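Topology and contacts: notes
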Amino acid sequence: MNLQLTGHHIEITPSIRDYVLSKLERINRHFEQVIDVNVIMSVQKLDQVIEATVHLSGKDIHVACHDADMYAAIDGLADKLDRQIIKHKEKFQEGRHAPGHKRTAT
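The rules behind these values
Residues numbered from 1 in each chain as written. Predicted model: local features only at pLDDT ≥ 70, side-chain atom pairs only at ≥ 80, totals over all residues. Heavy atoms only, no water. Helix = DSSP H or I, 4+ residues; strand = E, 2+ residues; numbered from the N terminus. Buried < 20%, exposed > 50% of the residue type's maximum accessible area, 1.4 Å probe, protein only. Areas by Shrake-Rupley, 256 points an atom, 1.4 Å probe, with all protein chains shown as cover. pLDDT = per-residue confidence, 0-100. Contact = heavy atoms within 4.5 Å. Core = buried A, V, L, I, M, F, W, Y, C linked by side-chain atoms within 4.5 Å.

Structural notes on the overall build of the protein chain
Across its full length, the protein chain holds two helices and four strands. Scanning the protein chain from its N terminus toward the C terminus, one meets helices and strands in the order β-α-β-β-β-α. Here the protein chain, with 106 residues, has 28% of them falling under the buried criterion. As displayed, the protein chain has an accessible area near 7,000 Å², and 49% of this comes from carbon and sulfur atoms.

As for the confidence of the model for the protein chain
Parts of the model with low pLDDT should not have their predicted coordinates read in detail. Put simply, the protein chain has an average pLDDT of 86, and 89% of its residues get 70 or more. The least confident element of the protein chain, judged by mean pLDDT, is helix H2 (residues 70-96) at 86; the most confident is strand E4 (residues 59-67) at 93.

Comments concerning the side chain of His88
Its place among the elements puts His88 in helix H2. With relative accessibility at 12%, the residue His88 sits in the buried group. Non-local contacts of His88, meaning those with residues more than four positions away in its chain, are made with Phe31, Leu56, Ser57, Lys59 and Ile61.

Re the nonpolar core
Ranked by internal contacts, the top residues of the largest apolar core, which has 23 residues, are Val39, Met41, Ile50 and Leu81. The set of elements that each furnish at least two residues to this core consists of helix H1 (14-30), strand E2 (34-44), strand E3 (47-56), E4 and H2. Filtering out sequence-adjacent residues up to four positions away, Val39 remains in contact with Leu3, Gln4, Leu5, Thr6, Leu24, Ile50, Glu51 and Ala52.

This is the structure:
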């Protein structure tokens, strides 16, 4: 998994980078076919905003979270991404193992 972390009006410290990495490891646990993740952290007045775009095989998932605290925003983003990844994984497996699905011999 390639991670690109960008900050707008915020300095990305090593502790924030490590915290984001530890939270995004949950995604790899659920779905191993993650190609890359782009995370944008920004500050808008009193609101901390974090956005992530996850590029999977066949789909891109975009999630954003707003909070007064950056660490709480990261937690909210990880929860949202986790739900979206699990939902995508279930759809991916349903389509692949559908009862009417016929395999072709090569």
